[in-house]
Amino acid sequence: METCRVCDLPVTNTQVVVSRGNPQAKLMLIGEAPGAFEDEIGKPFVGRSGKVLDRLLESVGLDPQTDVYITNVVKCRPPNNRRPTGNEIASSLPWLQQQIELVDPYVIALAGSTAVEAILAKKGGITRLRGQWQDWQGRLLMPLLHPAYLLRNPSKAEGAPIALTRGDLMEVCSRLNQIKQNSLVSEMDLARDRQP
Ligand code: URA
């Protein structure tokens, strides 16, 4: 990724921002693009949005270091934190696709409309799509509201964006537990079948 010059973002960024978390995690979270903090530090979601994200993950029992692999659609900071253009997104997708294949997660959480539009090619429906499982290339996808949107809507009330997102993450958690249990059961079945 460091040598990529397919779009013009490497002219203005400080560094390429690839990932943080666990590359062996069964959950991958994809955001939009690095902001100023991420560009400076070299890791995704380390600014204010990242703090909100980590707090939410922890609130449902997920450890941001070990239970999740976190990345963005676009790996270079767009100038002034503008939304990435269609061309920048298209240039980044082959990198994202490689990350997905290498990490091989059971579940992918898409944080915000840029990630949803980039992966699912569905436009403008994050408030309608959030919380609804999607099938994509044999994987389960969960669209979520973006943490920056939660910062702008800080109400803690039931039914407010923060509570909805927490509910969506709880759904992710219980599906992950289900999948892990099922694969444990099939491993136990295989081991039993192998016994003479
Ligand atoms: N920081 C990131 O790394 N990604 C986003 O989408 C927003 C903030």
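Overview of the structure. Keep in mind that this is a model prediction, so the values were computed, not measured.

**Quick word on helix 3 (residues 48–59)**
- Across its twelve residues, helix 3 extends 17 Å between first and last C-alpha, which sits within 8% of the 16 Å expected from 1.5 Å per residue.
- Looking only at helix 3, the buried set comprises Ser 49, Gly 50, Val 52, Leu 53, Asp 54, Leu 56 and Leu 57.
- Tucked inside the fold, the buried residues of helix 3 contact strand 1 (20–21), strand 2 (27–31), strand 3 (68–72), helix 7 (147–152) and helix 8 (161–194).
- Residue Gly 61 follows helix 3 closely and has a positive phi angle near 90 degrees.

**Section: the state of the cysteines**
- Taken as a whole and assessed by the stated rule, the structure comprises zero disulfides.
- Free cysteine: Cys 4, not disulfide-bonded; nearest cysteine sulfur from Cys 7 at 6.4 Å.
- According to the relative accessible area criterion, Cys 7 is buried, its value standing at 13%.

**Considerations on the environment of Val 46**
- By the element assignment, Val 46 lies in the loop between helix 2 (36–41) and helix 3.
- A relative accessible area of 21% means that Val 46 is categorised as partly exposed.
- Between the C-alpha atom of Val 46 and that of Arg 20, which follows or precedes it by 26 residues, the distance is 9.4 Å.
- Those residues in contact with Val 46 that lie beyond four places of it in its chain are Arg 20, Phe 37, Glu 38, Ile 41 and Lys 51.

**Thoughts on the nonpolar core**
- One finds Leu 29, Ile 30 and Leu 110 to be the most contacted residues of the largest nonpolar core, which totals 49 residues.
- If sequence neighbours within four positions are ignored, Leu 110 has contacts with Ile 30, Ala 115, Val 116, Ile 119, Leu 120, Leu 141, Met 142, Pro 143 and Leu 144.

Analysis parameters
Residues numbered from 1 in each chain as written. Predicted model: local features only at pLDDT ≥ 70, side-chain atom pairs only at ≥ 80, totals over all residues. Heavy atoms only, no water. Helix = DSSP H or I, 4+ residues; strand = E, 2+ residues; numbered from the N terminus. Expected span 1.5 Å × (residues − 1). Buried < 20%, exposed > 50% of the residue type's maximum accessible area, 1.4 Å probe, protein only. Contact = heavy atoms within 4.5 Å. Disulfide = S-S within 2.5 Å. Core = buried A, V, L, I, M, F, W, Y, C linked by side-chain atoms within 4.5 Å.

None of the figures reported here should be taken as evidence of function without further support.
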